[in-house]
Amino acid sequence: MSKDSISMDEQARAILRGNDRGGYTVPTAGLYPYQWNWDSAFAAWGFAQFDLPRAWAELTTLFSGQWPSGMVPHILFHKPDPGYFPGPDVWGAEDIGPIPSSGISQPPVAASFVRAVFDKDPKQGAEHLKALFPKMVDWHRWFMTWRSDGGAIFITHPWEAGRDNAPDWDEAMAAIDPTGVGDYTRRDTTHVDPAMRPTKEDYDRYIWLVQRGRRLGWDDAKLAQDMPFRVADPTMTFILLRANRDLAALADVLGADRSEIDGWTDTLEAGAARLHNADLGGYDAINLNSGNHTGHVSCASFLCWYAGIESPTMMRELSVAFEDCKYPVPSHKAGTEIFNPKRYWRGPTWAILNALIARGLAEMGHTAEAARVRDLTQALITRHGFAEYFDPMTGDPAGGGTFTWTAAVWLAWASPSAEAA
Ligand code: DGY
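Residues numbered from 1 in each chain as written. Predicted model: local features only at pLDDT ≥ 70, side-chain atom pairs only at ≥ 80, totals over all residues. Heavy atoms only, no water.

As a further point, take helix α16 (residues 404-414). Summarising burial for α16: eleven of the eleven residues are buried, a large majority. Among the residues of α16, those classed as buried are Thr-404, Trp-405, Thr-406, Ala-407, Ala-408, Val-409, Trp-410, Leu-411, Ala-412, Trp-413 and Ala-414. (Buried < 20%, exposed > 50% of the residue type's maximum accessible area, 1.4 Å probe, protein only. Helix = DSSP H or I, 4+ residues; strand = E, 2+ residues; numbered from the N terminus.)

Below you can see the structure in the form of structure tokens.
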């Protein structure tokens, strides 16, 4: 191991420690000052490389915000912070869960990282796994009850998929008239160059959808009927399918009955198959209001292997991404009209997505492609730092800096010292 990679490991550990707020980690100070759901699960994977008790604490704190319905919110507002908008006063969900929170969820990577952390030291992890297992089952059941359209998992707000301004949502977003949203002040663009963030048109609709959810009391049955945004999403579907397989393996560890979980896996496999768009030759989202496939190859399309699904057509798309970009995998296909290498989920490369994509590739026997994604991500972070995301053509860092999940995937996967590689 070289001296450089040791110092990169040290920097990554310092980022996790620096973003630690005591039992939970913020994605980055300023821009995201609370606990975010999937960021936190990635943080646990990173902490597990050098501090297992801290990794378990992260996951335990995340599930301490679980709603009675089983939903695990996308943001837990542990302590007020006026530097973020929209805060708890806008969501109006303070009294529903045990901790003030948002009213929507996020991609359920947690069960997969609980498994990864448990595997590091099953003895130390036994009690934690026992405590977390029923909570994870409840969360997955919530998805299958409220967000499953024949196994294709849909979102009711773009923030729920984590890929806020992905072109996959454009058609559904264009159908929303955000009249009456009122005045509000964005905070994100005071922390980050507005050219790297969603547009005002997007934001008006994000806030309008939050106001609608609030009016419906965040009641699942009412949301299912009255939320005008319903898009079946490959991020959610592939990640839940994978997490569900991991949950079943954890059931075996505990000697628990896994039949309900296996039933969900069958349903999710059928749902994932529906996301295949023959015209596109790959996986994309479906706007459930129109029935239209959205027609976009995104980084989420490449999560098929992570979900245990083989796809020669996506393998061809991966070769295209390698050819098009110095640092794949872009969040939206390069060379298309919509592609924007700096604007959040409309082009930039995200190290977290690369980590999941490469894990899937390696597990399905595509070891050369997995190594290529990893080596390029390693070079990207080494040369350009622990940014939130990166320009796939130049590697320029974009969004927030000293970013928890980029540091976490460095330690767990991209670093030369990473065991999970
Ligand atoms: C934001 O504030 O940009 C977040 O992505 C919402 O979760």
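A few words now on the site of the ligand. As a structural note, the neighbourhood of the ligand is formed by Tyr-32, Trp-36, His-74, Tyr-84, Trp-159, Asp-164, Arg-197, Tyr-203 and Tyr-344. One of the side-chain nitrogen or oxygen atoms of Trp-36 is found 3.0 Å away from an oxygen atom of the ligand. Between the ligand and Arg-197, the relevant distance is 2.7 Å, taken from an oxygen atom to a side-chain nitrogen or oxygen of the residue. (Near = heavy atom within 4 Å. Polar contact = N/O pair within 3.5 Å; in protein donor to acceptor, adjacent residues only side chain to side chain.)

Another aspect to go through is the pattern of salt bridges. Scanning all chains against the criterion turns up 23 salt bridges. When the shortest N-O distance is used, the salt bridge between Glu-58 and Arg-54 registers 3.0 Å. Residue Glu-58 and its partner Arg-54 are both found in helix α3 (residues 52-63); the two are separated by four residues, about one turn of the helix. No difference in accessibility class separates Glu-58 from Arg-54, as the two residues are buried. As a salt-bridge pair, Arg-147 and Glu-160 come within 2.5 Å of each other at their nearest N and O atoms. In this pair, Arg-147 is assigned in the loop between α6 (122-146) and β3 (148-149) and Glu-160 in the loop between β4 (152-155) and α7 (170-174), connecting sequence segments 13 residues apart. On the accessibility criterion, Arg-147 (3% relative accessible area) is buried. Connected through shared salt-bridge partners, Arg-115, Arg-242, Asp-246 and Glu-363 make up one network. (Salt bridge = Lys/Arg side-chain N within 4 Å of Asp/Glu carboxyl O.)

Two numbers describe how α3 lies on α6: the axes approach to 11 Å, and their chain directions differ by 25°. If you check the angle between α3 and α6, you find them roughly parallel. In this structure, the crossing between α3 and α6 has a hand that is left-handed. Within the contact between the two elements, α3 uses Leu-52, Pro-53, Trp-56, Leu-59, Thr-60 and Phe-63 and α6 uses Gln-124, Gly-125, His-128, Leu-129, Leu-132, Lys-135, Met-136 and Trp-139. A per-class count over the contact of α3 with α6 returns nine nonpolar, four polar and one charged. (Axes fitted to C-alpha atoms, helices over the stretch in contact; angles between N-to-C directions. Parallel < 35°, antiparallel > 145°, perpendicular 65-115°, else oblique. Left-handed = near helix turned anticlockwise from the far one by under 90°. Contact = heavy atoms within 4.5 Å. Nonpolar A, V, L, I, M, F, W, Y, C, P; charged D, E, K, R; others polar.)

A word on the environment of His-191. If you trace the backbone, His-191 turns up in helix α8 (residues 188-191). We classify His-191 as partly exposed; its relative accessible area is 38%. Remark: the alpha-carbon pair of His-191 and Tyr-84, spanning 107 residues in sequence, is separated by 9.8 Å. Contact partners of His-191, with chain neighbours within four places excluded, come to Gly-30, Leu-31 and Gly-83. A polar atom in the side chain of His-191 sits 3.2 Å from the backbone oxygen of Gly-83.

The end-to-end C-alpha distance of helix α12 (residues 259-274) is 23 Å, a good match for the 22 Å that 16 residues give at a rise of 1.5 Å each. Residues of α12 that are buried: Ile-261, Trp-264, Thr-265, Leu-268, Gly-271 and Ala-272. Viewed along the axis of α12, the buried residues span an arc of 125°, placing them on a single side of the element. Buried residues along α12 sit in contact with α6, β4, α11 (234-254), β6 (276-277) and β7 (282-283). (Expected span 1.5 Å × (residues − 1). Arc of directions from axis to C-beta.)

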